[in-house]
Every structure is written in structure tokens, then in C-alpha cells.
Amino acid sequence: MSRIIVVTSGKGGVGKTTTSAAFAMGLAMKGYKTAVIDFDVGLRNLDLIMGCERRVVYDFVNVINGEATLNQALIRDKRRDNLSILPASQTRDKESLTQEGVERVLNELSETFEYIVCDSPAGIERGATLAMYFADDAIVVTNPEVSSVRDSDRMLGILASKSRRAEQGLEPIKEYLLLTRYSPERVRLGEMLSVADVQDILSLHLLGVIPESKSVLSASNSGTPVTLDEKSDAGQAYRDVVRRYLGERVPHRFVEEEKKGLFSRLFGG
């Protein structure tokens, strides 16, 4: 039985697609057969971050409309053959996604894949609500600033009330908090909320803290999920996230400001 994971947020630009790509790659690196779907119809980005934009022939909407088979639309990752990408359409509108069509595609994917990661658009438009509706788990991505956290709080209400699990009276969607673009130094200066502040507001299990890092942008621009960058803090943090999700006990890193040594303090390093 496959597990459907939605990566969601109330606000755009918090790192959902980066997280979807990194998380799906991380699961594949752990040996799990994984599919990642772009639900953002009209604003396709997942294929860019996964580095497969030139290989897109058919898309999610083509499959829903019966214009292509799922096998024709799925793109197998060249770095991990147990990871596949289902891109969104750039030319259709969001109404092209139907609940029946999405359910049919997810059911077919469930026959082959152990994990299905749904990269949701921001907010509560159709693509976002459908990505959330069928989820078993939700990774709520937020930045440590008030408006982002407030919007994420609104998404938690939707996850709790408008999912298939809620409608059928099943066990609720398991919700996780992922804090992105975090800087302990800026927290100390009062420029952003602390991990504790965000947890107090959202009351979610903390899956991980992704530090502010130039490597995230570099990875996205090169079409490489940042999980593959073993040297970067962000890459290590996303690997930790996957391990925690899979049940390992992994201490949180990149939460506290690094203490400078005597040499650094003397010479301003």
C-alpha cells in the first residue's frame, strides 16, 4: 500500500517545490520506489528543479483526459531509476484537474510506487485542495515569519476538515512542520521567529529545519535536488528530514547559532 504525502503551505515562495523534489529524491535514495507529482497546473516548475524539463512530452492533465497513458507521461529520473516525475501542464487551466481524474491517477500510481509526493500550489485553489484531499501525510512548509505561519495555520484547518480521511471518518492526516530559510543569527537579532515561536503557534511535530543557504538556489538552477549535495547544510538537513519521516531518531541541526572559536572572535571571522 502506497503512502500519499502532500507538501503544502498557505503562502507561495516558501520552498514547497524545492522540498518536494528534495524529499522525493531522499526517499528514492533510501531505496523506496517514489513518484512526485506537480499539481501546479499552468505554472510548471517541478520539472525544472528535477532537471527533466526537456524530457516532458505528456503531463498530468493529458493522463487525466485520456490523451496519454500514465507510463507515457511519467519521466524516470536519470540519477535514480526508482524515482519518477509526473509534470504539470503549462497550457491548461486549473479546472482541468478533476477529483475523479486525480483519484484514478493516484490509484494507478499506488499499484507501483511506495511513496507518492504531491507538490501542491500555494493557498486554497483547486490544485491545492485536490493535492490535499487524498493525502495520508502532510508536510506543512513555512518560513519563520508571521504571515507565512499564519497562512500555514489556515491550511491546517483545511487539512483537518476537507480531506478524504475527514469525510470518511478515518484516522486524520498526519501533519509535519518543515521550517525553511531559517537563520539562528537573524532570530537572535529579532528579524525572524524562532523554532519555538513557530511550534507554539502551529503545534505541529517538527520534521526539520532547513537553514538559509545559497546551495538551495544553486541546486534549483542546475536542476539537481539539493538532497544530492552532501556538502551543503541544506542538503544535509533534507537528508535528516527523510530519515525522521521514516522513523529514525535524528537530532535537529542548524537550529542554534554556531559558536565562534577564539581565533574567529579575535579576527572577526
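Just so we're clear, the structure is a prediction, and the values are computed from it rather than from any experiment.

Colleague: Would you explain the pairing of strand 4 (residues 83-86) in this entry?
Modeller: Regular strands have side chains that alternate between both faces of the sheet. Neither face of strand 4 is exposed, since Leu 83 and Ile 85 on one face and Ser 84 and Leu 86 on the opposite face are all buried. With 4 bridges connecting them, strand 2 (residues 34-38) and strand 4 associate as parallel partners. The residue bridging Val 36 from the neighbouring strand is Ile 85, located in strand 4. Linking strand 3 (residues 75-76) to strand 4, which pair antiparallel, is a turn of 6 residues.

Colleague: Help me understand the packing of helix 1 (residues 16-29) against helix 12 (residues 233-245) in this model?
Modeller: The relative placement of two packed helices comes down to the angle between their axes together with the axis-to-axis distance. Relative orientation of the contacting elements helix 1 and helix 12 amounts to 60°, with a least axis distance of 9 Å. Helix 1 and helix 12 meet at a crossing whose hand is right-handed. Where helix 1 approaches helix 12, its residues Thr 18, Thr 19, Ala 22, Phe 23, Gly 26, Leu 27 and Met 29 are matched on the opposing element by Tyr 238, Arg 239, Val 241, Val 242 and Tyr 245. Class assignment of the residues belonging to the contact of helix 1 with helix 12 gives a composition of 8 nonpolar, 3 polar and 1 charged.

Colleague: Explanation requested: the sheet that holds strand 4 in the structure shown.
Modeller: Note: strands within a sheet are paired through backbone hydrogen bonds, in either parallel or antiparallel orientation. One open sheet holds the 8 strands; their spatial order is 3-4-2-5-1-6-7-8, and the pairing between them is mixed. Across the chains shown, the open sheet's two edge strands, defined by having one partner strand only, are strand 3 and strand 8 (205-211). For strand 1 (residues 3-8) and strand 6 (residues 137-142), the ladder comprises 4 bridges, and the chain directions are parallel. Paired with Val 7 across the bridge in strand 6 is Ile 139. Lying on the sheet, helix 10 (residues 195-202) is in contact with strand 6, strand 7 (174-182) and strand 8; it crosses strand 7 at an angle near 150°.

Colleague: How do you make sense of the packing of aromatic side chains when you look at a structure like this?
Modeller: Centre-to-centre distance and the angle between the planes together describe a pair of aromatic rings. With the rule as written, the count across this model stands at 6 aromatic pairs. Relative to Tyr 245, the ring of Tyr 115 has its centre 5.9 Å away and its plane inclined at 70°; by these criteria the two rings are edge-to-face. Taken together, the residues span a long stretch of sequence, with Tyr 115 in strand 5 (residues 115-119) and Tyr 245 in helix 12 at a distance of 130 residues. Residue Tyr 245 is classed as buried on the basis of its relative accessible area, which comes to 11%. Centroid distance Tyr 176 to Tyr 245: 5.7 Å. Interplanar angle 65°. Geometry classified as edge-to-face.

Colleague: Looking at this structure, how should I read the nonpolar core?
Modeller: Considering soluble globular proteins, one finds that nonpolar side chains tend to be buried as a cluster. Phe 39, Phe 60, Leu 97, Val 102 and Leu 109 are the most contacted members of the largest nonpolar core, which totals 48 residues. At 5 residues, the largest contribution of residues to this core is made by helix 7 (residues 146-161). Counting 36 residues, the second-largest nonpolar core is a separate cluster that includes Met 25, Leu 46, Ile 49 and Phe 254.

Colleague: So what exactly am I meant to see when it comes to helix 11 (residues 214-221) here?
Modeller: Since one α-helical turn is 3.6 residues long, residues separated by three or four positions face the same way. Regarding helix 11, the residues found buried are Ser 215, Ala 219 and Ser 220. All buried residues of helix 11 fall inside an arc of 135° around its axis, so they share one side. Residues of helix 11 that are exposed and angled more than 90 degrees away from the buried face: Lys 214, Leu 217 and Asn 221. As for helix 11, its buried residues are in contact with helix 1, helix 2 (46-49) and helix 12. With its phi angle positive at about 70°, Gly 223 sits one or two positions after the end of helix 11.

Colleague: What exactly am I supposed to notice about the pairing of strand 5 here?
Modeller: With 5 of 5 residues buried, strand 5 is to be regarded as a mostly interior element. Pairing between strand 1 and strand 5: 5 bridges, direction parallel. The residue of strand 5 that forms the bridge with Val 6 is Cys 118. Sheet topology note: the strand 2/strand 5 ladder contains 5 bridges and is parallel.

Colleague: Looking at this structure, I do not really get unusual backbone geometry. What am I missing?
Modeller: Glycine aside, residues mostly have negative phi, and peptide bonds are mostly found in the trans state. Within the chain, Arg 181 stands out as a residue other than glycine whose phi angle is a positive 55°. Residue class for Arg 181 comes out partly exposed when judged on its relative accessible area of 41%. Of note, Ser 203 is a non-glycine position whose phi angle comes to about 50°, a positive value. Mapped onto the secondary structure, Ser 203 falls in the loop between helix 10 and strand 8.

Cut-offs and rules
Residues numbered from 1 in each chain as written. Predicted model: local features only at pLDDT ≥ 70, side-chain atom pairs only at ≥ 80, totals over all residues. Heavy atoms only, no water. Buried < 20%, exposed > 50% of the residue type's maximum accessible area, 1.4 Å probe, protein only. Helix = DSSP H or I, 4+ residues; strand = E, 2+ residues; numbered from the N terminus. Pairing = 2+ DSSP bridges. Axes fitted to C-alpha atoms, helices over the stretch in contact; angles between N-to-C directions. Left-handed = near helix turned anticlockwise from the far one by under 90°. Contact = heavy atoms within 4.5 Å. Nonpolar A, V, L, I, M, F, W, Y, C, P; charged D, E, K, R; others polar. Phe/Tyr/Trp six-rings, centres within 6.5 Å; stacked < 30°, edge-to-face > 60°. Core = buried A, V, L, I, M, F, W, Y, C linked by side-chain atoms within 4.5 Å. Arc of directions from axis to C-beta.

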